[in-house]
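The primary structure of each chain is shown beneath.
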Amino acid sequence: MELNASQYAHYVFKAFDHDGSGTINFQEFVLGLSTISRGSPTEKLQWTFNLYDINGDGCITREEMREIINSIYNLLGRFTEPCVSAEATRDHADRVFDKLDMNKDGIVTFDEFLETCLHDENITKSLSLLDTVL
Ligand SMILES: [Ca+2]
Ligand SMILES: [Ca+2]
């Protein structure tokens, strides 16, 4: 599947759209922005988790992780030289996913996500690449 910057924008939009109505009202917008800029570490991670949980079922699959990281790289790719290869992107996504999936059951729950991120600064950094593009 072809991913591009507008898809990433779509995912970010979805993360802001708290009630999933398809539109962002002023309250949701303010809530999203204040979480990103002033939220506690847990609140920020909850927000990031929601971004990665594309279908909103409460857990992150490997496919979802690949898709978001891919779309972030696609967006960043416009500003970086040389471009990151598709394999490198996939590798990165798999490495992050394997770290997050503590019990190796193929899905990342919010508890696993929180636990890993609060103890591993590098993971938090690579997950919050979006800080630099928002
Ligand atoms: Ca999901
Ligand atoms: Ca798991």
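Rules behind the numbers
Residues numbered from 1 in each chain as written. Chains lettered and ligands numbered in written order. Predicted model: local features only at pLDDT ≥ 70, side-chain atom pairs only at ≥ 80, totals over all residues. Core = buried A, V, L, I, M, F, W, Y, C linked by C-beta atoms within 7 Å. Buried ≥ 20, exposed ≤ 12 C-beta atoms within 10 Å, placed from the backbone. Helix = DSSP H or I, 4+ residues; strand = E, 2+ residues; numbered from the N terminus. Expected span 1.5 Å × (residues − 1). Arc of directions from axis to C-beta. UniProt positions renumbered as here; feature names shortened; annotations may be inferred.

**Some thoughts on the nonpolar core**
Ranked by size, the top nonpolar core spans 24 residues in total, and within it Met-65, Ile-68 and Phe-113 carry the most contacts. Going through the elements one at a time, helix H1 (5-16), helix H3 (41-52), strand S1 (59-61), helix H4 (62-76), helix H5 (86-100) and helix H6 (110-119) are the ones with two or more residues in this core. If one sorts the elements of this core by residue count, H4 sits on top with six residues.

**Quick word on unusual backbone geometry**
The backbone phi angle of Lys-104 is positive, close to 55°, even though this residue is not glycine. Lys-104 sits in the exposed class, given 7 other C-beta atoms within 10 Å.

**Examining H5**
When the terminal C-alpha atoms of H5 are compared, their 21 Å separation across 15 residues agrees well with the 21 Å that a helix rising 1.5 Å per residue should span. All of the buried residues along H5 are Thr-89, Ala-93, Val-96, Phe-97 and Leu-100. Here the buried residues of H5 occupy an arc of 100° about the axis, which is enough to place them on one side. Residues of H5 that are exposed and point over 90 degrees away from its buried face: Glu-87 and Ala-88.

**Looking at the UniProt feature "domain: EF-hand" (unreviewed entry) in the protein chain**
The UniProt feature table records "domain: EF-hand" (unreviewed entry) at residues 4-39, 40-75 and 88-123. Each end of residues 40-75 is marked by a C-alpha atom, and these two atoms are 27 Å apart; helix forms 72% of the span and strand 8%. Regarding residues 88-123, the helix share stands at 72% and the strand share at 8%, and the terminal C-alpha atoms are separated by 16 Å.

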